[in-house]
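Analysis of the macromolecular model
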Amino acid sequence: MSAVPLASPGPERSGPWPAPDAALDERFMRMALALGERHLGLTWPNPSVGALVVGADGEGPLILAQGVTQPGGRPHAERIALENAGASARGATLYISLEPCSHHGRTPPCVDAIMTTGVARVVTALEDPDPRVRGRGHQFLRDRGVEVVTGVLADAARRLHRGHILRTTEGRPAVTLKLAQTADGSAARLSGARLLITGERSNCRTHLIRAHADAIMVGVGTVLADDPQLTVRLPGMEDWSPVRVILDSRLRTPASATLAVTAREAPTWIICTEDAPAEAERRLAAQGAEVMRVGARDGRLDVPAAMRLLAGRGITRVFSEGGPSCAEVLVAHDLVDEFAVATSSSRLNEPGIPAIGPGLRTALSNRFMLVETEELGPDRLELYERA
Ligand SMILES: NC(=O)c1ccc[n+]([C@@H]2O[C@H](COP(=O)([O-])OP(=O)(O)OC[C@H]3O[C@@H](n4cnc5c(N)ncnc54)[C@H](OP(=O)(O)O)[C@@H]3O)[C@@H](O)[C@H]2O)c1
């Protein structure tokens, strides 16, 4: 994005515009949250934040400018919104889905930009749990006479910024676990032969969820059975493909696997144990894949350690599209924050590998609640979140 100079400070600050009103605050915060949602998957390691500058024109409130965190995490949403508003931001209200930053990073803090433009009122949804901020952004503004309101639509903002919050507070990414099942509950054929469960509309929806993830993850079982591409193949969104992650304790991923062959087109990270064969690492690395090692538990790679590793690399949101084994181990370690269960209207009509094993079934009924159901042609998508 080209840099537009920030408005220079005018003589005195007036406002705030529009007059403070709780219903208006919610309305504009909802829009800021929707803006933030647009760039989920593009801004890691930073959160995707939405911001609006709102003034008034005598008839009522007027949106002066908007911003969303740019790909790669910079510039921040509020800086873009303020730059777009220019001198009209003086006396206006700034809505941001997360507390503005107050620390010097690669760019000066956003609170400086807010002070420079003369915004009179700042409304945020949440305090930023990042230890470099954690209330300091709000306090900085209050100390300088800016009215600050926080906690507006906080629950919705926690959902939007879940990946950032978990990476900051627990050192792991947020995990969405997807499973597709036939009407009679199978995830795969017993023989391992490929089984296409869901139809076109459901698959498009899956690609949209992929686009908003920082990483798509599978176990090597899925690589061996399905040889997937794990890219976003929606028209116009081909550049949104996230990092592809394989959990592969002993580096069984074949050199011929699509994820290995295309590793230079979309990043492929393969996580294995410390004692996985060095020769296999050399072969996969020569194809452009990045091999990362973690400790082992019960002979397989330590999944919580793998999640910490991904967070350390900046990943905030993981979309797990692996098979039943990956699903069970993620649930067993309480690492799943959201379930997406796609159910086809067709039956397998033969014994298959159950999609929802005992661990998942217990977790779904005890720890999760259904929050959304979508009908996607002949398929149904159910979204569950932690209760
Ligand atoms: N219906 C669906 O939603 C869906 C989705 C994906 C795949 N599938 C189907 O599921 C079948 C494959 O099932 P799957 O369960 O083998 O696939 P998976 O869960 O994707 O992969 C399993 C592999 O992950 C590796 N892994 C690494 N660390 C692990 C750990 N700590 N715990 C458990 N596994 C770990 C294991 O191999 P190592 O021990 O060698 O590391 C394990 O064999 C295929 O038929 C595929 O088509 C269905």
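Structure first, text after, so check above.
A short tour of the structure in this document, coming up.

Rules of the game
- Residues numbered from 1 in each chain as written.
- Predicted model: local features only at pLDDT ≥ 70, side-chain atom pairs only at ≥ 80, totals over all residues.
- Heavy atoms only, no water.
- Phe/Tyr/Trp six-rings, centres within 6.5 Å; stacked < 30°, edge-to-face > 60°.
- Helix = DSSP H or I, 4+ residues; strand = E, 2+ residues; numbered from the N terminus.
- Buried < 20%, exposed > 50% of the residue type's maximum accessible area, 1.4 Å probe, protein only.
- Lys NZ or Arg CZ within 6 Å of the ring centre and 35° of its normal.
- Contact = heavy atoms within 4.5 Å.
- Pairing = 2+ DSSP bridges.
- Axes fitted to C-alpha atoms, helices over the stretch in contact; angles between N-to-C directions.
- Salt bridge = Lys/Arg side-chain N within 4 Å of Asp/Glu carboxyl O.
- Near = heavy atom within 4 Å.
- Polar contact = N/O pair within 3.5 Å; in protein donor to acceptor, adjacent residues only side chain to side chain.
- Areas by Shrake-Rupley, 256 points an atom, 1.4 Å probe, with all protein chains shown as cover.

This brings us to the packing of aromatic side chains. Inspection of the entire model under this criterion finds three aromatic pairs. A centroid spacing of 5.4 Å and a plane angle of 45° characterise the contact between Phe28 and Tyr95, whose relative ring orientation is tilted. One end of the pair, Phe28, is in helix 1 (residues 22-38); the other, Tyr95, is in strand 3 (residues 93-96), with 67 residues separating them in the sequence. Considering the side-chain rings of Trp44 and Trp269, the 6.3 Å spacing of their centres and the 85° angle between planes classify their relative orientation as edge-to-face. Of this pair, Trp44 sits in the loop between helix 1 and strand 1 (50-56) while Trp269 sits in strand 10 (residues 268-273), placing them 225 residues apart in sequence. Take Trp269: its relative accessible area is 6%, and that puts it in the buried class. Over the ring of Phe140 we find Arg144, and its NZ or CZ is 3.6 Å from the ring centre. Here Arg313 stacks its cationic end above the ring of Trp269, 4.6 Å away from the centre of that ring.

This brings us to the environment of Arg106. Structurally, Arg106 is set in the loop between strand 3 and helix 3 (110-117). Residues within four places of Arg106 in sequence aside, it is in contact with Gly72 and Arg74.

So, on to the sheet that holds strand 4 (residues 121-124). Here we have five strands laid out as an open sheet, ordered 2-1-3-4-5, and mixed in their pairing. Because the sheet does not close on itself, it has two edges, and the strands there are strand 2 (61-68) and strand 5 (147-149). Recorded for the sheet is a direction-independent mean angle of 20° between the axes of neighbouring strands.

With that settled, consider the side chain of His76. Assignment of secondary structure puts His76 in the loop between strand 2 and helix 2 (77-85). Those residues in contact with His76 that sit more than four places away from it in its chain are Asn46, Thr69, Cys101 and Cys110.

Counting across every chain of the model gives 21 salt bridges. With a shortest N-O distance of 3.8 Å, Glu372 and Arg159 are connected by a salt bridge. Placement of the pair is Glu372 in strand 17 (residues 368-376) and Arg159 in helix 5 (residues 154-160), with a sequence separation of 213 residues. Its relative accessible area of 32% is what places Glu372 among the partly exposed residues. Exposure remark for Arg159: the relative accessible area of 37% places this residue in the partly exposed category. In this structure, Asp337 and Arg386 form a salt bridge, with 3.1 Å as the shortest nitrogen-oxygen distance.

On to the sheet that holds strand 10, then. With mixed pairing, nine strands are arranged side by side in an open sheet as 11-10-9-8-14-6-15-18-17. Either end of the sheet is taken by a strand with one partner, and the two such strands are strand 11 (290-294) and strand 17. Going from strand to strand, the sheet's axes swing by 20° on average, the running direction of each strand aside. The sheet strands contacting helix 7 (residues 200-211) are strand 6 (174-181), strand 8 (215-219), strand 14 (317-320), strand 15 (338-343), strand 17 and strand 18 (379-386), and the helix crosses strand 17 at an angle near 130°. Together, strand 6, strand 8, strand 9 (243-247), strand 10, strand 11 and strand 14 form the strand contacts of helix 11 (residues 303-312), whose direction differs from that of strand 11 by roughly 130°.

Turning next to the site of the ligand. Taken together, 26 residues surround the ligand, and among them Ala180, Thr222, Ser249, Arg300 and Ser325 come closest. In this structure, an oxygen atom belonging to the ligand sits 3.5 Å away from a main-chain N or O atom of Pro324. Here an oxygen atom of the ligand sits 2.5 Å away from a polar atom, N or O, in the side chain of Ser325. Relative to its unbound accessible area of 910 Å², the ligand is 89% covered by the protein chains.

For Glu385, the position within the fold is in strand 18. Discounting chain neighbours no more than four positions away, the residues touching Glu385 are Arg159, Arg162, Asp337, Glu338, Arg367, Phe368, Met369 and Val371.

Of all five residues making up strand 8, five are buried, and the element is well covered by its neighbours. As paired strands, strand 8 and strand 9 are joined by five bridges and run parallel to one another. Following the sheet pairing, Val218 is matched in strand 9 by Ile246. Summarising the sheet, strand 8 and strand 14 pair through three bridges and their orientation is parallel. Paired with Ala215 across the strands is Val318, a residue of strand 14.

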